[in-house]
Amino acid sequence: MDSTTKKFNGIPLSVLDLATINEGGSPSETFAYSVDLARHVEKLGFNRYWLAEHHNMPGVASSATSVIIGHIAGATKSIRVGSGGVMLPNHAPLVIAEQFGTLEAMYPNRIDLGLGRAPGSDQATAYALRRTLHSSGEDFPQQLAELRAYFNYDPSARVRAIPGEGQDIPIWLLGSSGFSAQLAAEQGLPFSFASHFAPAYAMQALQIYHQNFKPSKVLQEPYTMMGISIIAADTDEKAQWLATSLQQQFLAIGKGMPTQFKPPIDDIDAVWSLNDKASVAKMADSLATIVGSQETIKRKLEAFLQQTRANEFILSSPIYNHEERLRSFEIIAELME
(Lines give C-alpha, C1' and ligand atoms only; values in the text may rest on other atoms or scores of the structure.)
Protein backbone atom coordinates (compact mmCIF):
# COMPACT_ATOMS: atom_id res chain seq x y z
CA MET A 1 0.00 0.00 0.00
CA ASP A 2 1.41 3.41 -0.97
CA SER A 3 2.31 5.80 1.83
CA THR A 4 -0.17 8.33 0.48
CA THR A 5 -3.09 5.88 0.73
CA LYS A 6 -5.77 7.01 3.16
CA LYS A 7 -8.35 4.85 4.94
CA PHE A 8 -12.02 4.84 5.83
CA ASN A 9 -12.64 3.36 9.27
CA GLY A 10 -9.35 1.50 9.02
CA ILE A 11 -9.68 0.09 5.49
CA PRO A 12 -8.41 1.44 2.14
CA LEU A 13 -10.79 2.51 -0.59
CA SER A 14 -10.15 1.80 -4.27
CA VAL A 15 -11.79 2.75 -7.56
CA LEU A 16 -13.46 0.63 -10.24
CA ASP A 17 -13.76 2.49 -13.54
CA LEU A 18 -16.38 0.92 -15.81
CA ALA A 19 -15.20 3.15 -18.68
CA THR A 20 -18.73 4.07 -19.67
CA ILE A 21 -19.36 5.84 -22.96
CA ASN A 22 -21.79 8.70 -22.48
CA GLU A 23 -24.70 9.19 -24.83
CA GLY A 24 -23.38 11.44 -27.56
CA GLY A 25 -19.80 10.77 -26.46
CA SER A 26 -16.97 8.59 -27.76
CA PRO A 27 -14.36 6.12 -26.50
CA SER A 28 -11.70 8.82 -26.89
CA GLU A 29 -13.68 11.04 -24.52
CA THR A 30 -14.12 8.12 -22.10
CA PHE A 31 -10.38 7.44 -21.97
CA ALA A 32 -9.58 11.12 -21.41
CA TYR A 33 -12.05 11.15 -18.52
CA SER A 34 -10.50 7.98 -17.11
CA VAL A 35 -7.02 9.50 -17.08
CA ASP A 36 -8.34 12.61 -15.37
CA LEU A 37 -10.24 10.54 -12.80
CA ALA A 38 -7.24 8.30 -12.09
CA ARG A 39 -5.01 11.30 -11.44
CA HIS A 40 -7.74 12.83 -9.29
CA VAL A 41 -8.27 9.82 -7.03
CA GLU A 42 -4.52 9.22 -6.78
CA LYS A 43 -4.15 12.68 -5.23
CA LEU A 44 -7.14 12.01 -2.97
CA GLY A 45 -5.46 8.93 -1.45
CA PHE A 46 -7.33 6.01 -3.02
CA ASN A 47 -5.44 2.71 -3.06
CA ARG A 48 -5.93 1.18 -6.53
CA TYR A 49 -7.63 1.85 -9.86
CA TRP A 50 -9.15 -1.10 -11.70
CA LEU A 51 -10.84 -1.55 -15.08
CA ALA A 52 -13.16 -4.37 -16.15
CA GLU A 53 -13.33 -6.41 -19.35
CA HIS A 54 -16.59 -6.16 -21.28
CA HIS A 55 -17.36 -6.85 -24.92
CA ASN A 56 -20.06 -5.92 -27.43
CA MET A 57 -21.58 -3.27 -25.16
CA PRO A 58 -22.24 0.13 -26.75
CA GLY A 59 -21.81 1.92 -23.43
CA VAL A 60 -18.54 0.35 -22.24
CA ALA A 61 -15.10 1.10 -23.70
CA SER A 62 -12.89 -1.28 -21.71
CA SER A 63 -12.77 -4.28 -24.07
CA ALA A 64 -8.97 -4.08 -24.52
CA THR A 65 -8.46 -4.04 -20.76
CA SER A 66 -4.68 -4.45 -20.59
CA VAL A 67 -4.18 -1.62 -23.09
CA ILE A 68 -6.19 0.79 -20.95
CA ILE A 69 -4.39 -0.36 -17.79
CA GLY A 70 -1.10 0.60 -19.42
CA HIS A 71 -2.56 3.95 -20.47
CA ILE A 72 -3.71 4.72 -16.92
CA ALA A 73 -0.50 3.50 -15.29
CA GLY A 74 1.53 5.68 -17.63
CA ALA A 75 -0.54 8.74 -16.74
CA THR A 76 -0.24 8.26 -12.94
CA LYS A 77 2.65 7.94 -10.50
CA SER A 78 1.92 5.70 -7.53
CA ILE A 79 -1.63 4.32 -7.48
CA ARG A 80 -1.92 0.58 -8.19
CA VAL A 81 -3.60 -0.14 -11.54
CA GLY A 82 -5.18 -3.41 -12.58
CA SER A 83 -8.06 -5.47 -13.88
CA GLY A 84 -11.34 -5.92 -12.15
CA GLY A 85 -11.21 -8.16 -13.99
CA VAL A 86 -9.84 -9.95 -16.99
CA MET A 87 -12.25 -12.71 -18.01
CA LEU A 88 -9.75 -15.56 -18.28
CA PRO A 89 -11.97 -17.96 -20.30
CA ASN A 90 -11.80 -15.47 -23.17
CA HIS A 91 -8.03 -15.74 -23.45
CA ALA A 92 -5.10 -18.10 -23.67
CA PRO A 93 -3.40 -17.94 -20.25
CA LEU A 94 -0.03 -17.40 -21.93
CA VAL A 95 -1.32 -14.21 -23.59
CA ILE A 96 -2.49 -12.80 -20.24
CA ALA A 97 0.83 -13.73 -18.60
CA GLU A 98 2.71 -11.91 -21.35
CA GLN A 99 0.44 -8.86 -21.29
CA PHE A 100 0.58 -8.40 -17.54
CA GLY A 101 4.25 -9.35 -17.45
CA THR A 102 4.83 -6.51 -19.88
CA LEU A 103 2.78 -4.12 -17.77
CA GLU A 104 4.68 -5.12 -14.63
CA ALA A 105 8.01 -4.59 -16.43
CA MET A 106 6.88 -1.10 -17.44
CA TYR A 107 5.33 -0.15 -14.09
CA PRO A 108 7.05 -2.25 -11.39
CA ASN A 109 5.10 -3.04 -8.21
CA ARG A 110 1.99 -1.21 -9.42
CA ILE A 111 0.05 -3.83 -11.42
CA ASP A 112 -2.80 -6.06 -10.15
CA LEU A 113 -4.26 -8.99 -12.07
CA GLY A 114 -7.89 -9.59 -11.11
CA LEU A 115 -9.47 -12.59 -12.83
CA GLY A 116 -13.06 -13.60 -13.49
CA ARG A 117 -14.51 -16.76 -15.03
CA ALA A 118 -17.56 -15.27 -16.77
CA PRO A 119 -17.24 -14.47 -20.48
CA GLY A 120 -18.38 -10.87 -20.01
CA SER A 121 -20.37 -11.19 -23.22
CA ASP A 122 -23.04 -13.19 -25.05
CA GLN A 123 -22.47 -16.46 -26.94
CA ALA A 124 -22.01 -14.81 -30.32
CA THR A 125 -19.37 -12.49 -28.89
CA ALA A 126 -17.72 -15.38 -27.07
CA TYR A 127 -17.46 -17.19 -30.40
CA ALA A 128 -15.96 -14.09 -32.03
CA LEU A 129 -13.37 -14.07 -29.23
CA ARG A 130 -12.62 -17.70 -30.17
CA ARG A 131 -13.75 -18.92 -26.77
CA THR A 132 -14.88 -22.56 -26.74
CA LEU A 133 -18.65 -22.39 -26.50
CA HIS A 134 -19.09 -25.75 -24.76
CA SER A 135 -17.01 -24.41 -21.87
CA SER A 136 -19.01 -22.75 -19.13
CA GLY A 137 -16.15 -21.91 -16.79
CA GLU A 138 -15.65 -25.35 -15.24
CA ASP A 139 -12.07 -25.40 -16.54
CA PHE A 140 -11.29 -22.07 -14.88
CA PRO A 141 -9.18 -23.74 -12.12
CA GLN A 142 -7.02 -25.39 -14.80
CA GLN A 143 -6.66 -22.10 -16.66
CA LEU A 144 -5.69 -20.37 -13.42
CA ALA A 145 -3.05 -23.00 -12.66
CA GLU A 146 -1.60 -22.66 -16.17
CA LEU A 147 -1.48 -18.86 -15.86
CA ARG A 148 0.21 -18.96 -12.45
CA ALA A 149 2.78 -21.44 -13.76
CA TYR A 150 3.87 -18.96 -16.43
CA PHE A 151 4.83 -16.48 -13.70
CA ASN A 152 7.22 -19.04 -12.14
CA TYR A 153 10.83 -18.92 -13.27
CA ASP A 154 11.55 -22.22 -15.00
CA PRO A 155 14.22 -21.99 -17.72
CA SER A 156 13.60 -25.63 -18.61
CA ALA A 157 9.93 -25.06 -19.50
CA ARG A 158 9.05 -25.60 -23.17
CA VAL A 159 6.82 -22.50 -23.16
CA ARG A 160 7.84 -19.43 -21.18
CA ALA A 161 6.14 -16.06 -20.68
CA ILE A 162 8.71 -13.37 -21.44
CA PRO A 163 8.08 -10.84 -19.94
CA GLY A 164 6.15 -12.58 -17.17
CA GLU A 165 8.25 -15.33 -15.65
CA GLY A 166 9.70 -14.59 -12.25
CA GLN A 167 7.39 -11.64 -11.63
CA ASP A 168 5.41 -11.26 -8.42
CA ILE A 169 2.14 -9.84 -9.78
CA PRO A 170 -0.72 -10.00 -7.24
CA ILE A 171 -3.49 -12.26 -8.54
CA TRP A 172 -7.05 -11.74 -7.30
CA LEU A 173 -10.09 -13.87 -7.97
CA LEU A 174 -13.32 -12.00 -8.66
CA GLY A 175 -16.82 -13.32 -8.50
CA SER A 176 -20.53 -12.81 -7.97
CA SER A 177 -21.24 -16.28 -6.57
CA GLY A 178 -19.61 -18.94 -4.42
CA PHE A 179 -17.48 -20.62 -7.12
CA SER A 180 -14.62 -18.11 -7.15
CA ALA A 181 -14.92 -17.65 -3.38
CA GLN A 182 -14.26 -21.38 -2.90
CA LEU A 183 -11.39 -21.41 -5.39
CA ALA A 184 -9.78 -18.28 -3.92
CA ALA A 185 -9.97 -19.87 -0.47
CA GLU A 186 -8.40 -23.12 -1.65
CA GLN A 187 -5.60 -21.26 -3.45
CA GLY A 188 -4.98 -18.79 -0.62
CA LEU A 189 -5.65 -15.80 -2.90
CA PRO A 190 -7.38 -12.47 -2.19
CA PHE A 191 -11.05 -12.37 -3.19
CA SER A 192 -13.12 -9.51 -4.55
CA PHE A 193 -16.91 -9.83 -4.66
CA ALA A 194 -19.12 -7.89 -7.08
CA SER A 195 -21.65 -6.94 -4.42
CA HIS A 196 -22.71 -3.87 -6.43
CA PHE A 197 -24.60 -6.11 -8.89
CA ALA A 198 -25.05 -9.37 -6.96
CA PRO A 199 -25.79 -8.18 -3.40
CA ALA A 200 -27.99 -11.17 -2.53
CA TYR A 201 -25.02 -13.58 -2.66
CA ALA A 202 -22.43 -11.42 -0.91
CA MET A 203 -22.64 -12.82 2.61
CA GLN A 204 -22.80 -16.42 1.39
CA ALA A 205 -19.69 -15.95 -0.75
CA LEU A 206 -17.81 -14.30 2.12
CA GLN A 207 -18.71 -17.16 4.44
CA ILE A 208 -17.48 -19.73 1.92
CA TYR A 209 -14.22 -17.84 1.48
CA HIS A 210 -13.48 -17.39 5.18
CA GLN A 211 -14.47 -20.91 6.22
CA ASN A 212 -12.36 -22.60 3.55
CA PHE A 213 -9.34 -20.30 3.40
CA LYS A 214 -5.95 -22.01 3.32
CA PRO A 215 -2.83 -19.88 3.99
CA SER A 216 -0.43 -19.67 1.06
CA LYS A 217 2.91 -18.13 0.13
CA VAL A 218 1.11 -15.02 -1.11
CA LEU A 219 -1.47 -14.63 1.66
CA GLN A 220 -1.45 -15.81 5.26
CA GLU A 221 -4.94 -14.60 6.19
CA PRO A 222 -8.16 -14.05 4.19
CA TYR A 223 -8.39 -10.73 2.36
CA THR A 224 -11.68 -9.52 0.87
CA MET A 225 -12.55 -6.51 -1.22
CA MET A 226 -16.21 -5.65 -1.83
CA GLY A 227 -17.50 -3.78 -4.86
CA ILE A 228 -19.89 -0.91 -4.18
CA SER A 229 -21.64 1.65 -6.40
CA ILE A 230 -21.64 5.08 -4.79
CA ILE A 231 -23.24 8.22 -6.16
CA ALA A 232 -22.34 11.06 -3.81
CA ALA A 233 -23.45 14.69 -4.10
CA ASP A 234 -23.81 17.68 -1.83
CA THR A 235 -27.44 16.79 -1.10
CA ASP A 236 -29.48 13.60 -1.08
CA GLU A 237 -31.85 15.11 -3.64
CA LYS A 238 -29.09 15.88 -6.13
CA ALA A 239 -27.57 12.41 -5.68
CA GLN A 240 -30.95 10.78 -6.36
CA TRP A 241 -31.24 12.83 -9.55
CA LEU A 242 -27.74 11.82 -10.68
CA ALA A 243 -28.63 8.19 -9.95
CA THR A 244 -31.35 8.18 -12.61
CA SER A 245 -28.56 7.53 -15.15
CA LEU A 246 -27.67 4.30 -13.38
CA GLN A 247 -31.35 3.38 -13.11
CA GLN A 248 -31.78 3.85 -16.86
CA GLN A 249 -28.72 1.66 -17.44
CA PHE A 250 -30.09 -1.12 -15.21
CA LEU A 251 -33.41 -0.85 -17.05
CA ALA A 252 -31.76 -1.19 -20.47
CA ILE A 253 -29.60 -4.14 -19.38
CA GLY A 254 -32.62 -5.86 -17.83
CA LYS A 255 -34.43 -5.62 -21.17
CA GLY A 256 -31.42 -6.97 -23.04
CA MET A 257 -30.91 -3.68 -24.87
CA PRO A 258 -27.79 -2.02 -23.41
CA THR A 259 -27.21 1.54 -24.54
CA GLN A 260 -24.71 4.32 -24.06
CA PHE A 261 -24.79 5.89 -20.60
CA LYS A 262 -27.69 8.32 -20.48
CA PRO A 263 -27.89 11.72 -18.78
CA PRO A 264 -30.01 12.06 -15.63
CA ILE A 265 -33.71 12.85 -16.00
CA ASP A 266 -36.17 14.67 -13.78
CA ASP A 267 -38.92 12.03 -13.81
CA ILE A 268 -37.66 8.45 -13.84
CA ASP A 269 -41.23 7.17 -13.42
CA ALA A 270 -41.98 8.41 -16.92
CA VAL A 271 -39.67 5.82 -18.50
CA TRP A 272 -40.48 2.64 -16.60
CA SER A 273 -43.41 0.51 -15.50
CA LEU A 274 -44.06 -0.72 -11.97
CA ASN A 275 -42.57 -4.08 -12.94
CA ASP A 276 -39.49 -2.37 -14.36
CA LYS A 277 -39.13 -0.36 -11.16
CA ALA A 278 -39.30 -3.51 -9.06
CA SER A 279 -36.68 -5.25 -11.21
CA VAL A 280 -34.27 -2.33 -11.02
CA ALA A 281 -34.83 -2.08 -7.29
CA LYS A 282 -33.52 -5.63 -6.84
CA MET A 283 -30.23 -4.53 -8.37
CA ALA A 284 -29.98 -1.00 -7.05
CA ASP A 285 -31.62 -0.98 -3.62
CA SER A 286 -29.07 -2.57 -1.31
CA LEU A 287 -26.22 -1.61 1.00
CA ALA A 288 -23.91 -2.10 -1.97
CA THR A 289 -25.51 0.71 -3.97
CA ILE A 290 -25.29 3.94 -1.99
CA VAL A 291 -26.81 7.20 -3.18
CA GLY A 292 -26.81 10.40 -1.16
CA SER A 293 -25.00 13.18 0.61
CA GLN A 294 -21.79 12.72 2.57
CA GLU A 295 -23.71 11.98 5.76
CA THR A 296 -25.78 9.30 4.01
CA ILE A 297 -22.69 7.80 2.37
CA LYS A 298 -20.82 7.62 5.68
CA ARG A 299 -23.69 5.96 7.52
CA LYS A 300 -24.32 3.32 4.84
CA LEU A 301 -20.63 2.61 4.24
CA GLU A 302 -20.16 2.00 7.95
CA ALA A 303 -23.17 -0.33 7.97
CA PHE A 304 -21.82 -2.29 5.00
CA LEU A 305 -18.40 -2.56 6.62
CA GLN A 306 -19.95 -3.80 9.85
CA GLN A 307 -21.96 -6.38 7.92
CA THR A 308 -19.15 -7.69 5.71
CA ARG A 309 -15.99 -7.06 7.77
CA ALA A 310 -14.28 -6.44 4.43
CA ASN A 311 -10.59 -5.57 4.23
CA GLU A 312 -11.13 -3.09 1.40
CA PHE A 313 -13.90 -1.49 -0.64
CA ILE A 314 -13.67 -0.83 -4.38
CA LEU A 315 -16.04 1.88 -5.53
CA SER A 316 -17.60 2.75 -8.85
CA SER A 317 -19.38 6.06 -9.25
CA PRO A 318 -21.58 5.81 -12.36
CA ILE A 319 -22.34 9.48 -13.03
CA TYR A 320 -22.95 10.99 -16.47
CA ASN A 321 -21.29 14.37 -15.93
CA HIS A 322 -17.52 14.09 -15.48
CA GLU A 323 -17.23 17.02 -13.06
CA GLU A 324 -20.00 15.55 -10.91
CA ARG A 325 -18.16 12.22 -10.83
CA LEU A 326 -14.96 13.94 -9.71
CA ARG A 327 -16.97 15.67 -7.00
CA SER A 328 -18.48 12.33 -5.92
CA PHE A 329 -15.02 10.95 -5.19
CA GLU A 330 -14.03 14.15 -3.41
CA ILE A 331 -17.00 13.75 -1.05
CA ILE A 332 -16.01 10.13 -0.40
CA ALA A 333 -12.34 11.08 0.13
CA GLU A 334 -13.32 13.57 2.80
CA LEU A 335 -14.46 10.58 4.88
CA MET A 336 -11.01 8.99 4.77
CA GLU A 337 -8.37 9.52 7.44
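For the structure given in this document, a descriptive report is provided here.

What counts and how
Residues numbered from 1 in each chain as written. Predicted model: local features only at pLDDT ≥ 70, side-chain atom pairs only at ≥ 80, totals over all residues. Heavy atoms only, no water. Axes fitted to C-alpha atoms, helices over the stretch in contact; angles between N-to-C directions. Helix = DSSP H or I, 4+ residues; strand = E, 2+ residues; numbered from the N terminus. Parallel < 35°, antiparallel > 145°, perpendicular 65-115°, else oblique. Left-handed = near helix turned anticlockwise from the far one by under 90°. Contact = heavy atoms within 4.5 Å. Nonpolar A, V, L, I, M, F, W, Y, C, P; charged D, E, K, R; others polar. Phe/Tyr/Trp six-rings, centres within 6.5 Å; stacked < 30°, edge-to-face > 60°. Buried < 20%, exposed > 50% of the residue type's maximum accessible area, 1.4 Å probe, protein only.

## Here's the deal with the packing of helix α6 (residues 178-187) against helix α7 (residues 202-212)
Okay, step 1: Running from N to C, α6 and α7 cross one another at 15°; their axes reach a closest spacing of 8 Å. In terms of axis orientation, α6 runs roughly parallel to α7. Helix-helix and strand crossings are classified by hand; for α6 and α7 the assignment is right-handed. Here G178, A181, Q182, A184, A185 and E186 of α6 lie close against α7, whose contacting residues are A205, I208, Y209 and N212.
Okay, step 2: Within the contact of α6 with α7, the residues separate by chemical class into 6 nonpolar, 3 polar and 1 charged.

## With respect to the packing of aromatic side chains
Okay, step 1: Counted under the stated rule, the structure contains 7 aromatic pairs.
Okay, step 2: Aromatic side chains W50 and W172 sit 5.4 Å apart centroid to centroid with 85° between the ring planes, which places their arrangement in the edge-to-face category. Pair noted here: W50 is in strand β3 (residues 48-51) and W172 is in strand β6 (residues 171-175), with a separation of 122 residues, a long-range link.
Okay, step 3: Residue class for W50 comes out buried when judged on its relative accessible area of 1%.
Okay, step 4: Pairing W172 with Y223 gives two aromatic rings, centres 5.7 Å apart and planes at 80°, and the pair type is edge-to-face. Taken together, the positions of W172 in strand β6 and Y223 in the loop between α7 and β8 (224-232) put the pair 51 residues apart, joining distant regions of the chain.

## Thoughts on the packing of helix α5 (residues 140-150) against α6
A pair of packed helices is characterised by two quantities: the angle between their axes and the separation of those axes.
Okay, step 1: Direction vectors running N to C along α5 and α6 enclose 40°, while the axes themselves pass 11 Å from each other. Classified by the interaxial angle, the pair formed by α5 and α6 is oblique. Read as a crossing pair, α5 and α6 show a hand that is right-handed. Of the residues in α6, those touching α5 at F140, P141, L144 and R148 are F179, L183 and Q187.
Okay, step 2: Grouping the amino acids of the contact of α5 with α6 by side-chain chemistry returns 5 nonpolar, 1 polar and 1 charged.

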